[in-house]
Amino acid sequence: MKKINVGIIGGTNGMGQWFARLLKKQGFTVHVCGRKTRLQINDLTSLCNVIVVAVPISVTADIIRQVGPMLTKDQLLMDLTSFKKEPVKLMLTNSEAEVIGCHPLFGPKLKDSSGQNVILCPARGKKWLNWLKAVFKRNKMAVWEETPEKHDKMMAVIQALNHFNTITLGMALARINITPAEINKFSTPIFRTKLDIIRKVFTESPELYLDIIKGNPQTEKMLDIYEKAIKDIRFKIKSGNKVKSRKAIKKAAEKIYGRKD
Ligand SMILES: NC(=O)c1ccc[n+]([C@@H]2O[C@H](COP(=O)([O-])OP(=O)(O)OC[C@H]3O[C@@H](n4cnc5c(N)ncnc54)[C@H](OP(=O)(O)O)[C@@H]3O)[C@@H](O)[C@H]2O)c1
């Protein structure tokens, strides 16, 4: 394959910037653009054989619609969005380029991404898939090929339900009148770990977490299950029937971690 130039729309910050660093470290030429950069989207499409969409979720669809028609079938159009079904569909309908949906399952601040999961959703063409897999594998990441549907279904649990749970815990803590000094004095290691997670979600990029919760079509279903689980275990604990509560937790543990017979 001839010299590979990669253009990252949204490469000035966050995940796009992380991907730019990874590619540069591997010797690829990378051009980035944001809203205020000298190079703009049309410059990237004429300079690069690979175009990566790494902008906030709220503008991803518009950017794909804008960049897609500028590409030819020899180029690769890919994205780093936290959802896959909608962006992959849009990339396919708005361009004739090869298309791969991609979701690295970690944030840009993680110091060492080796061992982390990356989901790929190859959607059109075969020419670029091995190149992209090798980019991640060189950095010892675990690369998985999945359908966009399966990816989004799993993200309803791993991200939407999980982040919602963190947000509700944070909101409840904020309603209780305890000072930061009291929290520090009385907190346990597990509680400190949870506080760190709440701080990350509440301070680093709340819009991203809200977009992830709001935008997943399975979120409502997950939150119904979550509400039922809260009501059910609350009722069991309140009833004072220890055997029933313990049984419920044991059954849930077996489902999550498998049976230990
Ligand atoms: N952060 C994470 O933990 C994470 C993890 C995995 C996947 N993702 C996905 O990565 C994507 C980006 O998220 P992020 O957290 O990296 O966002 P971010 O830190 O806010 O960075 C967004 C980038 O997009 C650029 N941008 C914003 N609006 C633009 C526009 N209209 N046109 C061109 N560029 C624009 C910004 O540049 P300027 O401000 O310079 O314009 C910046 O470079 C999202 O799809 C997200 O789902 C994020």
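About the criteria used
Residues numbered from 1 in each chain as written. Predicted model: local features only at pLDDT ≥ 70, side-chain atom pairs only at ≥ 80, totals over all residues. Heavy atoms only, no water. Pairing = 2+ DSSP bridges. Helix = DSSP H or I, 4+ residues; strand = E, 2+ residues; numbered from the N terminus. 1 Å grid on protein atoms, 1.4 Å probe; cavity = no way out; pocket = protein on both sides within 12 Å on 5 of 7 lines; lining within 4 Å. Points joined across faces, edges and corners; volume = space filled by probe spheres on them. Nonpolar A, V, L, I, M, F, W, Y, C, P; charged D, E, K, R; others polar. Domains from an automatic or database assignment. Buried < 20%, exposed > 50% of the residue type's maximum accessible area, 1.4 Å probe, protein only. Right-handed = clockwise from strand over helix to strand, strands pointing away. Near = heavy atom within 4 Å. Polar contact = N/O pair within 3.5 Å; in protein donor to acceptor, adjacent residues only side chain to side chain. Areas by Shrake-Rupley, 256 points an atom, 1.4 Å probe, with all protein chains shown as cover. Sits in = over half its atoms within 2 Å of the grid points.

## Describing the pairing of strand β6 (residues 117–124)
Part 1 of the argument: Strand direction decides the pairing type here: strand β5 (residues 98–104) and β6, joined by 6 bridges, are antiparallel. Paired with H103 across the two strands is I119, which belongs to β6.

## Description of the layout of surface pockets
Part 1 of the argument: Volume-wise, the largest pocket comes out at about 1500 Å³.
Part 2 of the argument: If you trace the largest pocket, you find 47 residues lining it, with G14, M15, P108, S205 and L208 closest to the centre.
Part 3 of the argument: Secondary structure elements with two or more residues in the lining of the largest pocket: α1 (14–25), α3 (57–67), β5, α6 (148–175), α8 (189–204) and α9 (206–215).
Part 4 of the argument: The element that contributes the greatest number of residues to the lining of the largest pocket is α6, accounting for 6 residues.
Part 5 of the argument: Each residue belonging to the lining of the largest pocket can be placed in one class, and the counts come to 22 nonpolar, 18 polar and 7 charged.
Part 6 of the argument: For the lining of the largest pocket, the domains that each give at least three residues are domain 1 (5–146) and domain 2 (151–257).
Part 7 of the argument: Empty space within the second largest pocket amounts to approximately 600 Å³.
Part 8 of the argument: The wall of the second largest pocket is formed by 14 residues, among which A229, A248, A252, A253 and I256 lie closest to the centre.
Part 9 of the argument: Contributing elements (two or more residues each) for the lining of the second largest pocket: α10 (219–238) and α11 (242–257).
Part 10 of the argument: The class makeup of the residues in the lining of the second largest pocket is 10 nonpolar, no polar and 4 charged.

## Digging into the pairing of strand β4 (residues 76–79)
Part 1 of the argument: Neither face of β4 is left uncovered, since the one carrying L76 and M78 and the one carrying L77 and D79 both have all their residues buried.
Part 2 of the argument: As paired elements, strand β3 (residues 50–53) and β4 share 4 bridges and run parallel to each other. Considered in β4, the bridge of I51 is made with L77.
Part 3 of the argument: Remark: the β3/α3/β4 crossover connection has right-handed handedness.
Part 4 of the argument: The pairing of β4 with β5 spans 4 bridges and is parallel. Looking across to β5, one finds that M78 is bridged to I100.
Part 5 of the argument: Crossover connection from β4 via helix α4 (residues 85–94) to parallel β5: handedness right-handed.

## Some thoughts on the site of the ligand
Part 1 of the argument: Near the ligand, the surroundings consist of 22 residues, among which T12, N13, M15, R35 and S82 are the closest.
Part 2 of the argument: At 3.2 Å, a backbone N or O of V55 approaches an oxygen atom of the ligand.
Part 3 of the argument: With respect to the ligand, the side chain of S82 contributes an N or O atom lying 2.6 Å from an oxygen atom.
Part 4 of the argument: Computed on the free molecule, the ligand has an accessible area of 890 Å², of which 80% lies beneath the protein chains in the complex.
Part 5 of the argument: Spatially, the ligand is embedded in the largest pocket.

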